[in-house]
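Breakdown of the fold
Here is how the chains run, residue by residue.
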Amino acid sequence: VRPFAGAGSAAMPLWDFQGSTMVTSQYVRLTPDERSREGSIWNRVPCFLKDWELHVHFKIHGAGKKNLHGDGLALWYTQDRLTPGPVFGSKDNFHGLAIFLDTYPNDEATERVFPYISAMVNNGSLTYDHSKDGRWTELAGCSADLRNQNHDTFLAVRYSRGRLTVMTDVEDKNEWKNCIDIAGVQLPTGYFFGASAGTGDLSDNHDIISMKLFQLMVEHPVEDDTVDWTKIEPRVSLLKSPKDNVDDPTGNFRSGPLTGWKVFLLLLCALLGIIVCAVVGAVVFQKRQERNKRFY
């Protein structure tokens, strides 16, 4: 949190940074509004909390208008740290969780409205496809007008009992708005939190103003005490492959797993459909019987 100790290229307590990252007393700038820059900041202490919530105060701004601006910002909870790469300034084929704040539509055929926030869980085997804005590996996402705002913008990432929730506060309403809600997520403990950003032919300032981590007090089943949470493989128990994702600007129903209430709604609709068919069939049958009696 600000004011930050150190300035320029000086190190901060418990944090390391690389690339174009610069520290001021009021913000950490991952990239300046210049082409072909990348930078990141990573915490030195691994997180051994089973349930946590991360609040990030950030600002993405620049001189570019409409779609003429930089790539975006990424938040990480991963096994490796301080490894530069092509995914918003950090490595591809990572182990862990990434939340992408993508501000530039690389896929010109997309129906999504940018900036676009998405989530990805990787066990090292998946590659982020920039040409498709990560659509094939995206678990869920939403649009959020978070660039060049004159007010503060925030993002919250909550992980508790296998449920991943991402919320935004970018409309100056001082309230959280749901963006992503996914069940069946398995993340190990002992990973590191970080943030990175990158620019290409177009650019933006990507600033981190604060990153706050909170422990959530949640009861777990007794059998969880026997699990070595540092050995868990990052994964998501989806009922379908993320590669089945299609553009859906309206929400996560088609690009996320079937959570409990969605299954309930589907079953309820099916039951109502069966009842309606049965009633219609009974009416038709009765009228036919009456018609047959007239002929006799």
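Definitions and cut-offs
Residues numbered from 1 in each chain as written. Predicted model: local features only at pLDDT ≥ 70, side-chain atom pairs only at ≥ 80, totals over all residues. Heavy atoms only, no water. Phe/Tyr/Trp six-rings, centres within 6.5 Å; stacked < 30°, edge-to-face > 60°. Helix = DSSP H or I, 4+ residues; strand = E, 2+ residues; numbered from the N terminus. Buried < 20%, exposed > 50% of the residue type's maximum accessible area, 1.4 Å probe, protein only. Lys NZ or Arg CZ within 6 Å of the ring centre and 35° of its normal. Pairing = 2+ DSSP bridges. Axes fitted to C-alpha atoms, helices over the stretch in contact; angles between N-to-C directions. UniProt positions renumbered as here; feature names shortened; annotations may be inferred.

So, on to the packing of aromatic side chains. Scanning the model with the defined rule gives eleven aromatic pairs in all. Aromatic side chains tryptophan 76 and phenylalanine 94 sit 5.1 Å apart centroid to centroid with 85 degrees between the ring planes, which places their arrangement in the edge-to-face category. One end of the pair, tryptophan 76, is in strand β6 (residues 72-78); the other, phenylalanine 94, is in the loop between β6 and β7 (95-102), with 18 residues separating them in the sequence. The exposure class of phenylalanine 94 is buried, given its relative accessible area of 2%. Pairing tryptophan 76 with phenylalanine 100 gives two aromatic rings, centres 5.8 Å apart and planes at 85 degrees, and the pair type is edge-to-face. You can see tryptophan 76 sitting in strand β6 and its partner phenylalanine 100 sitting in strand β7, a full 24 residues away along the chain. One aromatic cluster is present, formed by Trp52, Tyr77, Tyr159, Tyr191 and Phe193 through successive ring pairs. The positively charged end of arginine 81 is found above the aromatic ring belonging to phenylalanine 192, 5.4 Å away from the centroid. Across from the ring centre of tryptophan 136, 4.5 Å away, lies the NZ or CZ of arginine 135, which sits over that ring.

What follows deals with the sheet that holds strand β4 (residues 38-43). In sheet architecture, strand pairing relies on hydrogen bonds along the backbone and comes in two forms, parallel and antiparallel. The strand order across the open sheet built from seven strands is β1-β4-β14-β6-β7-β8-β9, with neighbouring strands paired in antiparallel fashion. Each edge of the sheet is formed by a strand with only one pairing partner; in this case those strands are β1 (15-19) and β9 (140-143). Averaged over all neighbouring strand pairs, the angle between strand axes comes to 15 degrees, with direction disregarded. Across eight bridges, β7 lies against strand β8 (residues 116-123) in antiparallel orientation. Bridge pairing links aspartate 102 to tyrosine 116 in β8.

When the UniProt feature table is mapped to this numbering, "transmembrane region" (unreviewed entry) covers residues 263-285. A distance of 33 Å separates the end C-alpha atoms of residues 263-285, which is 100% helix and 0% strand.

Another point: the sheet that holds strand β5 (residues 52-61). Spatial strand order, β2-β3-β15-β5-β10-β11-β12: seven strands in an open sheet with antiparallel pairing. In the strand order of this sheet, the two ends are held by β2 (22-23) and β12 (177-182), each with one partner. Note: β5 against strand β10 (residues 153-160), seven bridges, orientation antiparallel. Residue tryptophan 52 lies in a different strand from β10, and its bridge partner there is tyrosine 159.

Further remarks concern unusual backbone geometry. Note the cis peptide between arginine 2 and proline 3, where omega equals 0 degrees. By secondary structure assignment, the location of proline 3 is in the segment before β1. A cis geometry characterises the amide bond from phenylalanine 114 onward to proline 115, with omega recorded as 0 degrees. Its location among the elements puts proline 115 in the loop between β7 and β8. Although it is not a glycine, aspartate 133 sits at a positive phi angle of roughly 55 degrees. Of note, aspartate 133 is situated in the loop between β8 and β9. We classify aspartate 133 as buried; its relative accessible area is 4%. Positive phi outside glycine occurs at asparagine 174, with the angle close to 55 degrees. Following the sequence through the fold, asparagine 174 ends up in the loop between β11 (163-169) and β12.

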